[in-house]
Amino acid sequence: METLQNAKSKLAAANKDILGFINAFVDVQSFVETDAFVCSQNDVADAPGEGVVSGFASVNDIGVCVFAVNSKVMKGAIGELNAKKIVRTINNAVRMDKPLIAVWDTAGARFAEGIGALEGYGSILRAYTVAYGEVPVITVIKGNNLGLSSYIAGISDFVIAYPDSVIASSSPLVLAAKTNKDAKLVGSAKQAAQNGIVTNTVKNDKELKSLLANILTVFSDAATSGDNPNRVCKGLKGGVTPDALIKEVFDKNSFTAVRAEFSPVAVTGFATLGDIPVGVVATDITKSDGRLTAEACVKISEFLNVCENAECPVVFLTDCVGTEQGENDAALIREMSNLIYQVNTIDVDMFSVVYGKAIGGAYTALVAPCEYKIAWENAEVGALESEAAARLLYADEIKTAKNKDKAAEKLAASYGGENCSAVVIAKSGNFDNVIEPNLTRSYLLAALLAHVE
């Protein structure tokens, strides 16, 4: 008969590295293990702790439920029993209303278990589905995440990966052979980030701990930026980049980007404004011809879903000339429709700042549905850009002009001033205010406080 001391020694040896990893991102001495002695025995090998370490902990004093797949035990392979251990942790998170942090490092299923392994995967994916939207679901890819567990990316609020991580639905070698791509790139963290599967990448455990603390703050309303709520922005003017705008408007050093490498025409992330967590959606007119692409629509829709899960207000910062025009029109129609549905059904307060242009579909999707809308004094709003509208409306005059381009430019300026300027649009009641750029933070904070408190 195995003694308690022997069992504990086996567990300590098997779980040493994964426990060290968990303790690197949770608060000191806060981790309390659950289901520690669960262990199956078969003809292949023992599985101390079933290759999963699970329990409770805190991160930055915020309580969380944690499980981590241990690749040192049977390569982290998933079977029926360790799936039950994972599911219990997920269910505990829902029952206790605590964020879930799930760490994956697995080569796939325990094929020797046959249908039992598939049942295990099914129960994990089912539990993820129940938890998603009920509690924050944060998935960390520590090493490999191969096979059916790769699908948890779509039912996680955040997917965080290390540079050497691999995320693939099958063996990267098999996928590389079928696609004629470099096996080193297939499923890589870099590729997954560019494809929008990974929301954030971290270089080391220290970065992971910092990112987790930032994320959990959004869901806990525990922000303390120390920034002056009455601070006036400096240096804001037309043509400013989204990064510079976000840096000035929101609390200092509070912005955490989400899916930064995916479809950069849309910038998404979380920040605080007067220590109130908000989601930020900004468009960058210098990317993708300043137009929303199908991928940008996906990126914004996914982010808005997370904001709703977090019950977090959203601020839209718009400088965009509409939607892409090209071969991918069917995908654009599908994803733009999804975005419009998401924006108009999301159950959080939404605020809009037009800091450049808001043309056509950009206005319809990102500005019109918001409860509070302001625009900079130099903003341009319309169904078409001023020059395009002028060329359409005054085609005969431009055609007969000696200098057609100069005539078009002059007519565009005249048309824009009379029909597309923010001041003109505000007279129709479509904006709550037209402001000087440097007052953006003050107006947004006042509106946020009025809606939230």
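Going by the structure above, here's the rest.
Just so it is clear, the model here is predicted, and its values are computed rather than measured. Position labels on residues start from 1 in each chain and follow its written sequence. A pLDDT threshold of at least 70 governs which residues receive local features in this predicted model, and a stricter bar of 80 or more applies before side-chain atom pairs are shown or counted, although totals over entire chains, interfaces and linings include all residues. With hydrogens and water excluded, all non-hydrogen atoms of the structure serve as input to the side-chain values.

Each helix and strand in the protein was counted, giving 15 helices and 18 strands. By the burial criterion, 53% of the 453 residues in the protein qualify as buried. Contacts are residue-level and defined by heavy atoms, with any inter-residue pair within 4.5 Å sufficient. Across the protein, contacts joining residues at least 24 apart in sequence account for 68% of those joining residues at least 6 apart. Accessible surface computed for the protein: about 20,900 Å², of which carbon and sulfur atoms make up 51%. Going along the chain from the N terminus, every DSSP run of H or I of four or more residues is numbered as a helix, and every run of E of two or more is numbered as a strand. Here's how the labels work: a residue is buried when its accessible area is under 20% of the maximum for its type, exposed when over 50%, partly exposed in between, all with a 1.4 Å probe on protein chains only. For accessible areas, the Shrake-Rupley method is used with a probe of radius 1.4 Å. Any residue's cover is judged against the shown protein chains and nothing else.

What follows covers the environment of Thr217. Structurally, the position occupied by Thr217 is in helix H6 (residues 205-220). Looking at Thr217, the relative accessible area reads 15%, which means it is buried. Thr217 sits 53 residues away from Phe270 along the chain, and the two C-alpha atoms are 9.9 Å apart. A distance of 2.8 Å separates a polar side-chain atom of Thr217 from the backbone oxygen of Ala213. A 3.5 Å cut-off defines polar contacts: any pair of N or O atoms within that distance qualifies, except that in protein one atom must be a possible hydrogen donor and the other a possible acceptor, and neighbouring residues in sequence count only when both atoms are side-chain atoms.

Describing an aromatic ring pair means giving the distance of the ring centres and the angle of the ring planes. Planes of paired rings set the category: under 30 degrees apart is stacked, over 60 is edge-to-face and the rest tilted, where pairs are Phe, Tyr or Trp rings (Trp by its six-membered ring) whose centres lie within 6.5 Å. Per the counting criterion, the structure on display carries nine aromatic pairs. A ring pair is formed by Phe21 and Tyr162, whose centres lie 6.0 Å apart and whose planes are at 55 degrees; its orientation type is tilted. Placement of Phe21 in helix H1 (residues 4-25) and of Tyr162 in the loop between strand S8 (158-161) and strand S9 (166-168) is noted, with a sequence separation of 141 residues between them. Residues Phe158 and Phe219 carry aromatic rings whose centres are separated by 6.3 Å and whose planes lie at 80 degrees to one another, so their mutual orientation is edge-to-face. Taken together, the positions of Phe158 in strand S8 and Phe219 in helix H6 put the pair 61 residues apart, joining distant regions of the chain. Feature note: the residues Phe158, Phe219, Phe270 and Phe303 constitute an aromatic cluster, connected by ring pairs. Here, a charge over a ring is recorded when the distance from Lys NZ or Arg CZ to the ring centre is within 6 Å and its angle to the ring normal is within 35 degrees. The side chain of Lys142 reaches across the aromatic face of Phe21, ending 5.3 Å from its centre.

Time to look at helix H2 (residues 80-96). For H2, built from 17 residues, the straight-helix expectation of 24 Å at 1.5 Å per residue is met to within 8% by its first-to-last C-alpha distance of 24 Å. Contacts from the buried residues of H2 go to strand S1 (32-34), strand S4 (52-59), strand S5 (62-69), strand S6 (100-106) and helix H3 (115-131). Just downstream of H2, Asp97 is the residue with a positive phi angle, here 55 degrees. By definition here, a helix of n residues has an expected span of 1.5 Å times n minus one.

All right, on to the nonpolar core then. Grouped together as the largest cluster of nonpolar side chains are 57 residues, with contacts concentrated most on Phe25, Ile101, Leu208, Phe270, Leu304 and Leu339. The residues touching Phe270, leaving out its near neighbours within four places in the chain, are Phe158, Val218, Ser254, Phe255, Thr256, Val258, Val278, Gly279, Phe303, Val306, Cys307 and Cys312. For the purposes of this section, nonpolar cores are sets of buried Ala, Val, Leu, Ile, Met, Phe, Trp, Tyr and Cys residues that join through side-chain atoms within 4.5 Å.

Any Lys or Arg side-chain nitrogen located within 4 Å of an Asp or Glu carboxyl oxygen qualifies as a salt bridge. Going through the model one piece at a time under the given rule, you end up with 10 salt bridges. In this structure, the salt-bridge partner of Lys72 is Asp17, at a minimum N-O distance of 2.4 Å. Of the two residues, Lys72 is situated in the loop between S5 and H2 and Asp17 in helix H1; the sequence distance between them amounts to 55 residues. A relative accessible area of 57% places Lys72 in the exposed class. Ionic contacts of the salt-bridge type, sharing partners, join the residues Asp227, Arg231, Glu248, Asp251, Lys252 and Arg441 into one network.

Turning our eyes to something else, we now look at the state of the cysteines. Two cysteine sulfur atoms form a disulfide, by the criterion used here, when they sit within 2.5 Å. The final tally for this structure, using the stated rule, is zero disulfides. No disulfide involves Cys320; its sulfur sits 9.0 Å from that of Cys297, the nearest cysteine. Residue Cys320 is classed as buried on the basis of its relative accessible area of 0%.

This part is about the pairing of strand S13 (residues 276-283). Along S13, eight of the eight residues are buried, which leaves the element largely enclosed by surrounding structure. Side chains Ile276, Val278, Val280 and Ala282 of S13 all project onto a buried face; the interleaved residues Pro277, Gly279, Val281 and Thr283 project onto the opposite face, where all are buried too. By the convention used here, strands pair only if DSSP detects at least 2 bridges between them. Two strands pair when backbone bridges link them, and strand S12 (residues 266-273) and S13 are joined in this way by eight bridges, in the antiparallel orientation. If you follow Phe270 over to S13, its bridge partner there is Gly279. The antiparallel pairing of S12 with S13 creates a hairpin that spans two residues between the two strands, and Gly274 there sits at a positive phi of about 60 degrees. As defined by bridge partners, S13 adjoins strand S14 (residues 314-320) across four bridges and the pair is classed as parallel. From the neighbouring strand, Ala282 faces S14, where its bridge partner is Leu317. When the strands point away from the viewer and the connection leading from the first strand across the helix to the second strand turns clockwise, the crossover is called right-handed. Between S13 and its parallel partner S14, the chain crosses via helix H8 (residues 294-309), and the hand of that crossover is right-handed.

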